[in-house]
Each structure stands twice: as structure tokens, then as C-alpha cells.
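# Breakdown of the fold
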Amino acid sequence: MLNAQKSLLAVCLSTALCLNSTAIAGEFEITPMFGQMFSSDMQGVSSDNTLSVDNAAHFGLGIAWQESPNGQGQILINRVSHEFISDFDNQEYDIDITYAHFNGVALFRQQNYVTTFSIGLGGALIEGNSEELYLSATAAFGTRYEVSDNFAIVTEIRGYATLVDDEDELFCEDSVCVAHFEDSMFLEAAVSVGIAIKF
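Residues numbered from 1 in each chain as written. Predicted model: local features only at pLDDT ≥ 70, side-chain atom pairs only at ≥ 80, totals over all residues. Heavy atoms only, no water.

## Some thoughts on the state of the cysteines
- All told, the structure shown has 1 disulfide when counted by the stated rule.
- Covalent S-S linkage joins Cys172 and Cys177, the inter-sulfur distance amounting to 1.9 Å. Given an S-S torsion of about 105 degrees, the disulfide between Cys172 and Cys177 has right-handed geometry. Cys177 matches Cys172 in its accessibility class, with the two residues each being buried. (Disulfide = S-S within 2.5 Å. Buried < 20%, exposed > 50% of the residue type's maximum accessible area, 1.4 Å probe, protein only.)

## Description of the sheet that holds strand S9 (residues 151-163)
- Read around the barrel, 8 strands follow the order S1-S4-S5-S6-S7-S8-S9-S13 and close on themselves; strand pairing throughout is antiparallel. Strand-to-strand, the axes of this sheet are offset by a mean angle of 25 degrees, without reference to chain direction.
- With 13 bridges joining them, S9 and strand S13 (residues 185-198) adopt antiparallel strand pairing. Within S13, the residue paired with Leu163 across the bridge is Met185. (Pairing = 2+ DSSP bridges. Helix = DSSP H or I, 4+ residues; strand = E, 2+ residues; numbered from the N terminus. Axes fitted to C-alpha atoms, helices over the stretch in contact; angles between N-to-C directions.)

## A word on the packing of aromatic side chains
- Tallied over the full model, the rule gives 8 aromatic pairs.
- Here Phe84 and Tyr93 contribute two aromatic rings whose centre-to-centre distance is 5.9 Å and whose plane-to-plane angle is 25 degrees, an arrangement assigned as stacked.
- For Phe84, a relative accessible area of 2% corresponds to the buried category.
- Aromatic side chains Tyr134 and Phe181 sit 6.1 Å apart centroid to centroid with 90 degrees between the ring planes, which places their arrangement in the edge-to-face category. Residue Tyr134 is located in strand S8 (residues 131-148), and its partner Phe181 is located in strand S12 (residues 180-181); the two are separated by 47 residues in the primary sequence. (Phe/Tyr/Trp six-rings, centres within 6.5 Å; stacked < 30°, edge-to-face > 60°.)

## A closer look at the pattern of salt bridges
- All told, the structure shown has 6 salt bridges when counted by the stated rule.
- The salt bridge involving Glu146 is made with Arg109; its shortest N-O contact spans 3.1 Å. Of the two residues, Glu146 sits in strand S8 while Arg109 sits in strand S6 (residues 92-110), which places them 37 residues apart along the sequence.
- Taking the shortest distance from any N to any O, the salt bridge between Glu156 and Arg158 comes out at 2.9 Å. (Salt bridge = Lys/Arg side-chain N within 4 Å of Asp/Glu carboxyl O.)

## Some remarks on the nonpolar core
- Core analysis: the biggest nonpolar cluster contains 24 residues, and Met42, Phe84, Ile95, Ile97, Ile126, Phe171 and Phe181 have the highest contact counts within it.
- A total of 4 residues in this core trace back to one element, the largest contributor, which is S6.
- Excluding residues within four positions of it along the chain, Ile95 makes contact with Met42, Val53, Val80, Ser81, His82, Phe84, Ile126, Glu127 and Phe171. (Core = buried A, V, L, I, M, F, W, Y, C linked by side-chain atoms within 4.5 Å. Contact = heavy atoms within 4.5 Å.)

## So, the pairing of S6
- As defined by bridge partners, strand S5 (residues 71-85) adjoins S6 across 15 bridges and the pair is classed as antiparallel. Bridging across to S6, Arg79 finds its partner in Thr98.
- Between S5 and the antiparallel strand that follows it, S6, lie 6 residues; Asn90 among them carries a positive phi value of about 60 degrees.
- As consecutive antiparallel partners, S6 and strand S7 (residues 113-127) are separated by 2 residues, and within that stretch Gln111 has a phi angle of approximately 60 degrees, a positive value.

## Re the pairing of strand S4 (residues 56-68)
- Here 10 bridges tie strand S1 (residues 28-39) to S4, and the two strands are oriented antiparallel to one another. Within S4, the position partnered with Gln36 by the bridge is Ala57.
- Here S4 runs beside S5; their pairing, made up of 10 bridges, is antiparallel. Bridge pairing in S5 links Gly62 to Leu76.
- The hairpin formed by S4 and S5 contains 2 residues between the paired strands.

Structural data, given as C-alpha cells:
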């Protein structure tokens, strides 16, 4: 099932690239970004306990193409690794998340300064003791300072909302669980800075 989900995500991303191959061939940009990501809490073995998930550094890569003078299509991939301490055994555990989203980006220009707003849909691959692929949505507000025609400094505040199953056994092994999702929506927020290089 997981392999099928991964394959479906890969097909969707490949299709999005192919559908926009004409735009990409004309003008596209690559944006590496890094920053800090803030996560929802987890639920402990006891339903009364909330487990704090640490804030962690993340790295992202955006590939965008110009759809219109004031709009872009974008594929954004982001990776983060969080940690939490379980109330079951007081041990530290990892939550590794890879986000992949297809976004639409609106550009509001004021000379060299550009305000951006984007929304997108995609998936989140969440890894604990096992891994699952979930449906995810994202929205962001950002700025661009265009140093030249081909180079810009980018800042961004982005939110992620992922539909999860709070009964999933991502953090279980041999029927022994160390944590669960707190509810059916896993939320994260990221503050990022990066550079955009246009080709």
C-alpha cells in the first residue's frame, strides 16, 4: 500500500512537470530555502499526556515556472526531522517528514520588491517506527527582493496541514506504542529564507 502511495505521488509530480514543460522550457527558477519549523504536539501513551515536539531546522527546494507576469506554478519539496520524548519509556524518538506540494504562487510587484502568496496540495511522508503517506495542504506568505533579473532573496512564512489518522501505529512496534497523533490534523509552521535563481 505504501509503495502504491509513493508511486502515485511520483506520477502526480511527473505529470505536473510534463503539463508545464512548455513554460519550464521558456523560463524557470530554482529556490533552495532553509529555516525553522514548528510542529503540533503528539499524544502520549496515556491520553492525558501531551508530548512536546521540538522545533527543528528544515531544508526546502522549490522549482517554479512563470505562468503569467504575476503568477507562477511551483513544485516544493521540504524535509524536516523532529524529536520528542515518550512518556512510555522516557526515550527520545524521531519524526521525519518529507513534504511535496504542487503550488500556485501570486506575485504582487512594487518595483524590485515583490509580495507573494501561495497555496498548494500534495503529500506528506511521515516516518516513525514505520512510514505513511498522507494528503497535505500548504499556504504561504512571503517576500522577494529582486537583486537582478535572475537573482532574488526570498523570505517566507508557510503553514502545513496534514490529514492523519490518530489511530495509525506509526510509533508502534510489536503492538507497543510510544506515541500517537493528537488528532486527525497535524499542523506545522515554517519560517524560511532562501535565494531564487532564474534561468
